[in-house]
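Structure assessment
Here is what each chain is made of, one letter per residue.
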Amino acid sequence: MPFTFSADPTFAIQEDAADKIASFKSKFYFPKHEERDAIYFCGNSLGLQPKTVDAAIQIELASWREIAIGGYFGGKNPWLYYHELISSSLSKLVGAGTHEITVTNTLTVNLHLMLLSFYKPNKTRYKIVMEAGAFPSDQYAVETLVKHFGLDPADAIIEIAATAGEKLLQTQQITDIIELHGSSIAMVLMGGMNYYTGQFFELEKITKATHQIGAICGFDLAHVVGNIPLELHQWDIDFAVWCSYKYLNSGPGAVGGIYIHEKWASNADTPRLGGWWGNDEKTRFKMEKGFHAKPNASGWNISTTPVFNMIGLKASLEIFDQAGIAAIRNKSVRLTAYLEFLLQQLPQLSFEIITPSSIEERGAQLSLYFKENGKAIHAKMIENGIIVDYREPGVIRVAPAPLYCSFEDVYQFYCILKEHF
Ligand SMILES: *Cc1c(COP(=O)(O)O)cnc(C)c1O
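Please read these numbers as outputs of a predicted model, since none were measured by experiment.

Reading guide: rules and limits
- Residues numbered from 1 in each chain as written.
- Predicted model: local features only at pLDDT ≥ 70, side-chain atom pairs only at ≥ 80, totals over all residues.
- Heavy atoms only, no water.
- Near = heavy atom within 4 Å.
- Polar contact = N/O pair within 3.5 Å; in protein donor to acceptor, adjacent residues only side chain to side chain.
- Nonpolar A, V, L, I, M, F, W, Y, C, P; charged D, E, K, R; others polar.
- Pairing = 2+ DSSP bridges.
- Helix = DSSP H or I, 4+ residues; strand = E, 2+ residues; numbered from the N terminus.
- Axes fitted to C-alpha atoms, helices over the stretch in contact; angles between N-to-C directions.
- Contact = heavy atoms within 4.5 Å.
- Domains from an automatic or database assignment.
- Buried area = accessible area lost by both parts, 1.4 Å probe.
- Buried < 20%, exposed > 50% of the residue type's maximum accessible area, 1.4 Å probe, protein only.
- Core = buried A, V, L, I, M, F, W, Y, C linked by side-chain atoms within 4.5 Å.
- Disulfide = S-S within 2.5 Å.
- Patch = residues over 30% accessible without salt bridge, like charges linked within 9 Å, V, L, I, M, F, W, Y side chains within 5 Å.
- Areas by Shrake-Rupley, 256 points an atom, 1.4 Å probe, with all protein chains shown as cover.
- Salt bridge = Lys/Arg side-chain N within 4 Å of Asp/Glu carboxyl O.
- Expected span 1.5 Å × (residues − 1).

1. Some points on the site of the ligand
As a structural note, the neighbourhood of the ligand is formed by Leu 107, Thr 108, Phe 135, Asp 138, Asp 220, Ala 222, His 223, Tyr 245 and Lys 246. Asp 138 places a polar side-chain atom, nitrogen or oxygen, 2.7 Å from a nitrogen atom of the ligand. Contacts to the ligand include His 223, whose side-chain N or O atom sits 3.0 Å from an oxygen atom. Across the shell around the ligand, the residue classes break down as four nonpolar, two polar and three charged.

Right, here's the structure in full:
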């Protein structure tokens, strides 16, 4: 481990005092446990509510109330351009140009839209490579997609599983399979981070291997955006999708994000399912025949901007802008390593940390695998005011999101485990 930690209580206090983004914790609401703020380690499932969201919603309610249809062009944040208020902050988080980013719909819907744009199976090239144990919604999306094209999922989907006895995938294993199936592969589609193990994959290497065999490479970044800084454009990734309610703290069912590399996004002929919000603004309201896609990622928008579903994202991204993703990641690396260190001091609690120990291969989450009683232990943690989640089989996921979790929170967590388990 590259850090020197201590299990002494004063250590956590010192760490918080030295934390440059410690003050951001006060920008969020916490659920209560026995009248105190709960220890919230579930930001990988649903991020906390920024205190600024309420006022931001009031602004749009006022526009709607006072100027109604005029809100599209007037008011504080003209709704017609609302998504543009978001793309600049978001592009910094994912390392892409604003023209390569759009926000619309929700994650699995966006995944389907990307699949329909980029998956073009023919007789010889039709296979999709994904990780075994991908998030179920992604599995369902790919399964139904290949069936939609009249293909058999058992033949068309190649799942890469960890070798026997292992929980994690090796990059070499992934690139070997890509090489092996070569020209039969149409697309590689992986979660950027596996939701269960917390393993962050080597996106650039996977993309390179995919392009070498002439296929398209896309990622589901639900667990990555707002967690780990990205360079999607530089890594030459073809497309990516993510949701905004996990590390991005934008509220349940908030609008999802799409990245499309400019080589595809700027080409109005890149196939897609169209709607009037993706049409060139100059002709959108002429109501004429013939779809003219905007020459950027928002050319994939279909419907009227879901403004009320975007307010939380806009408010939350202002916080990310203030803190900066580099500082957030810096703290996160240290905070998660501290959590790992403290967990290692608990030999009486029998679990295995299945998340990679290497910092480059993980974000703010550690997955604890319990061979036995995982569910009961999880219930007991909740009873004691620790909000973490449980995923079958046997895993408790612990995610100290750096914007609102402190070193003292992690220490408290450790004390409760030490005392009760
Ligand atoms: C959270 C998550 C989803 C959820 O998709 P929705 O369409 O927003 O419900 C899908 N895929 C992955 C990898 C996730 O982590």
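2. Digging into the sheet that holds strand S4 (residues 101-104)
Strands sit in the order S4-S10-S9-S8-S7-S5-S6 across an open sheet of seven strands; the sheet is mixed. Only two strands of the sheet have a single neighbouring strand rather than two, namely S4 and strand S6 (157-160). The mean inter-strand angle of the sheet, taken between neighbouring strand axes irrespective of direction, is 20°. Sheet analysis places strand S8 (residues 216-220) next to strand S9 (residues 239-242), joined by three bridges and oriented parallel. Across the sheet, residue Asp 220 finds its bridge partner in S9, namely Val 241. Of the strands in this sheet, strand S5 (127-131), S6, strand S7 (185-191) and S8 touch helix H5 (residues 136-148), which is tilted by about 170° from S5. Of the strands in this sheet, S7 and S8 are in contact with helix H8 (residues 203-212), which crosses S8 at around 150°.

3. Notes on the domain arrangement of the chain
Taken domain by domain, the chain consists of domain 1 (9-51 + 325-420) and domain 2 (83-304). One C-alpha centre belongs to domain 1, the other to domain 2; they are set 29 Å apart. The interface is formed by 32 residues belonging to domain 1 together with 22 residues belonging to domain 2. For the pair domain 1 and domain 2, the two sides together bury roughly 2,100 Å², of which 59% comes from carbon and sulfur.

4. Quick word on the environment of Met 193
Considering the arrangement of structural elements, one finds Met 193 in the loop between S7 and H8. Residue classification places Met 193 among the buried residues on the basis of a relative accessible area of 4%. Setting aside residues up to four positions removed in sequence, Met 193 forms contacts with Gly 198, Gln 199, Phe 200, Phe 201, Asp 220, His 223, Val 224, Asn 227, Ile 228, Arg 362 and Gly 363.

5. What to know about the pairing of S5
Note on strand geometry: in a regular strand, side chains alternate between the two faces of the sheet. Of all five residues that make up S5, five are buried, and the element is covered over most of its length. Side chains of S5 alternate between two faces, with Lys 127, Val 129 and Glu 131 and Ile 128 and Met 130 buried alike. Here S5 pairs with S6 via four bridges, running parallel. Within S6, the residue paired with Met 130 across the bridge is Glu 159.

6. Examining the nonpolar core
Core analysis: the largest hydrophobic core is formed by 101 residues, its most contacted members being Leu 90, Leu 221, Leu 230, Trp 242 and Tyr 338. For this core, the domains that each give at least three residues are domain 1 (9-51 + 325-420) and domain 2 (83-304). In this structure, Leu 230 is in contact with Leu 93, Val 94, Gly 95, Phe 200, Leu 203, Leu 221, Val 224, Val 225 and Trp 235, ignoring residues within four places of it in sequence. In terms of nonpolar packing, the next biggest core, distinct from the first, is built from 30 residues, Leu 111, Ile 157, Ala 222 and Phe 239 among them.

7. A closer look at the state of the cysteines
Under the criterion given, the structure shown has zero disulfides. Cys 243 carries a free sulfur, and the closest cysteine sulfur to it, the one in Cys 42, is 13 Å from it. Looking at Cys 405, it has no disulfide partner, and the nearest cysteine sulfur is the one in Cys 42, 10 Å off. Classification of Cys 405 by relative accessible area gives buried; the value is 0%.

8. With respect to a nonpolar patch on the surface
On the surface, a nonpolar cluster with roughly 570 Å² of combined accessible area is contributed by Phe 73, Tyr 81, Trp 276, Phe 285 and Met 287. Relative to the assigned elements, Tyr 81 resides in the loop between helix H2 (53-67) and helix H3 (84-94). Owing to a relative accessible area of 33%, Tyr 81 belongs among the partly exposed residues under this scheme.

9. Concerning the sheet that holds strand S15 (residues 395-398)
Spatially, the four strands line up as an open sheet ordered S11-S12-S15-S14, and their pairing is antiparallel. Where the open sheet ends on each side, the last strands, each with one partner, are strand S11 (352-353) and strand S14 (389-391). Note that S14 and S15 share three bridges and pair antiparallel. From the neighbouring strand, Arg 391 faces S15, where its bridge partner is Val 395. Against the sheet, helix H12 (residues 325-343) touches S11, strand S12 (366-369) and S15, its axis set at about 20° to S12.

10. Structural notes on the environment of Val 146
In this structure, Val 146 sits in helix H5. Sequence separation between Val 146 and Ile 128 is 18 residues, and the spatial gap between their C-alpha atoms is 8.8 Å. When residues no more than four places from it in sequence are discounted, the contact partners of Val 146 are Tyr 119, Ile 128, Leu 151, Pro 153, Ala 156 and Ile 157.

11. With respect to H12
Between its first and last C-alpha, H12 extends 26 Å over 19 residues, near the 27 Å set by a 1.5 Å rise per residue. Of all the 19 residues making up H12, 15 are buried; the element is thus mostly covered by neighbouring parts of the structure.

12. So, the pattern of salt bridges
Counted according to the given criterion, the structure contains 18 salt bridges. Its salt-bridge partner being Lys 92, residue Asp 321 comes within 3.2 Å of it at the nearest N-O pair. You can see Asp 321 sitting in helix H11 (residues 311-323) and its partner Lys 92 sitting in helix H3, a full 229 residues away along the chain. Accessibility expressed as a relative area gives 52% for Lys 92, which makes it exposed.

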